[in-house]
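The chain contents come next:
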Amino acid sequence: MGFPVRRMRRLRRSETIRSMVRETHLRPEQLMYPLFVQPGTGRRDPILSMPGQSRLSIDELVAESQAAWSEGVRSVILFGIPPDGSKDAVGTPGWIEDGIVQEAVRALKKDVPGLLVATDVCLCEYTSHGHCGILHDGDTHGYVQNDESLEFLAREALSHAQAGADMVAPSDMMDGRVAAIRDTLDDEGFEDVALMAYAAKYASAFYGPFRDAADSTPQHGDRRTYQMDPPNAREAMMEMELDLEEGADILMVKPAMPYMDIIVRARANFEVPIAAYQVSGEYAMICAAEERGWIDGDRVMLESLIGLRRAGADLILTYFARRAARALAR
Ligand code: PBG
């Protein structure tokens, strides 16, 4: 039964009918807001390659999170920028009790009740060499030692949990880190802290602006020996299966738009919530084209987000979280 009996346009004639048959919805509580926290007070240093985003001192982070909460955003994920000169080979500023993220978590849990506070767990922002784990002494290639790194990642996650984090999100891509973190949290009485694994995280050029913002570019080498090779899709399913077995509650795909096929497959293969991270480069491209007047920024933003929902993402980590929440309220 085709045309002229079947007329697809009948259900597109008005906004009313379109809204009645709409298959996918985007709501502010599906958005997680990534924020960069740095030492100091009253500091809000704009990140040039990420228009509208800043590195925030803790007081400004609290204000930003309160504003986001009042607009309907329900969760944030924190990235830390440690004090100048504090980085070392094992990422000590990342796992000490009074580190920048740990203090930020305490402030948010006190001042923004209800807000879900997640933390990114990785060493790259805290190591002098900028890699996501531990190197052997004298290594000039940046070959991260997997098993030696696990202890430090677990320490970092534990320190976040002790500060009050609701969720930890390891992004380092070491093998076995989900199990190491889950075991440590459970042993220390933090069995209720959720774990969102950056499960299928690709070695992507789309992270460029983030590395400027977080000051986490590797000094030598790159991340291709631990992050995934962009052409691979089956391997992503294996990564996700392993993280699920090791105890992940939520599985993430990152970046988002260039990897939508991975989101579709993840949704079809696993019954846990799937998250997609619309990363800094995706954000920057939309902002840059908007600044040039080449696209309608609000519409492209919303289309990029609903597309990820349609592909199967339950949650989306996006720098657009506040702006999208405001747009959805109009
Ligand atoms: C690593 C980490 C990165 C991002 C989130 N966590 C950078 C990297 O792997 O180099 C990228 C996020 C973005 O680009 O928005 N800790």
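Attention here is on the structure that accompanies the text.

Procedures and definitions
- Residues numbered from 1 in each chain as written.
- Predicted model: local features only at pLDDT ≥ 70, side-chain atom pairs only at ≥ 80, totals over all residues.
- Heavy atoms only, no water.
- Phe/Tyr/Trp six-rings, centres within 6.5 Å; stacked < 30°, edge-to-face > 60°.
- Helix = DSSP H or I, 4+ residues; strand = E, 2+ residues; numbered from the N terminus.
- Buried < 20%, exposed > 50% of the residue type's maximum accessible area, 1.4 Å probe, protein only.
- Lys NZ or Arg CZ within 6 Å of the ring centre and 35° of its normal.
- Patch = residues over 30% accessible without salt bridge, like charges linked within 9 Å, V, L, I, M, F, W, Y side chains within 5 Å.
- Areas by Shrake-Rupley, 256 points an atom, 1.4 Å probe, with all protein chains shown as cover.
- Salt bridge = Lys/Arg side-chain N within 4 Å of Asp/Glu carboxyl O.
- Lys, Arg positive; Asp, Glu negative; His and termini not counted.
- Charge placed at Lys NZ, Arg CZ, Asp CG, Glu CD.

## Details of the packing of aromatic side chains
Right, so step 1: Enumeration over the complete set of coordinates arrives at 10 aromatic pairs.
Right, so step 2: Taken together, a centroid distance of 6.3 Å and an interplanar angle of 5° make the contact between Phe36 and Tyr319 stacked. Within this pair, whereas Phe36 is found in strand β1 (residues 31-37), its partner Tyr319 is found in the loop between β12 (315-318) and α11 (321-329), the two being separated by 283 residues in sequence.
Right, so step 3: You can call Tyr319 buried: its relative accessible area is 3%.
Right, so step 4: Each residue in the set Phe36, Phe79, Tyr198, Phe210, Tyr277, Tyr283, Tyr319 and Phe320 is aromatic and connected to the rest through ring pairs, giving one cluster.
Right, so step 5: Stacked on the ring of Trp69, the Lys or Arg Arg74 has its end atom at 3.6 Å from the ring centre.
Right, so step 6: Above the plane of the ring of Tyr207 lies Lys254, whose end atom (NZ or CZ) is 4.6 Å from the centre.

## Considerations on a positive patch on the surface
Right, so step 1: Residues Arg6, Arg7, Arg9, Arg10 and Arg12 make up a contiguous surface patch of positive charge.
Right, so step 2: With respect to the helices and strands, Arg7 occurs in the segment before α1 (15-20).
Right, so step 3: Taking the relative accessible area as the measure of exposure, Arg7 reaches 42% and is therefore partly exposed.

## Some thoughts on the pattern of salt bridges
Right, so step 1: Enumeration according to the criterion identifies 23 salt bridges in this entry.
Right, so step 2: A salt bridge links Asp45 to Arg43, with the shortest nitrogen-to-oxygen separation between them at 3.0 Å.
Right, so step 3: For Asp45, a relative accessible area of 27% corresponds to the partly exposed category.
Right, so step 4: For Arg43, a relative accessible area of 37% corresponds to the partly exposed category.
Right, so step 5: The network of salt bridges with common partners includes Arg44, Glu60, Glu64, Glu71, Arg322 and Arg326.

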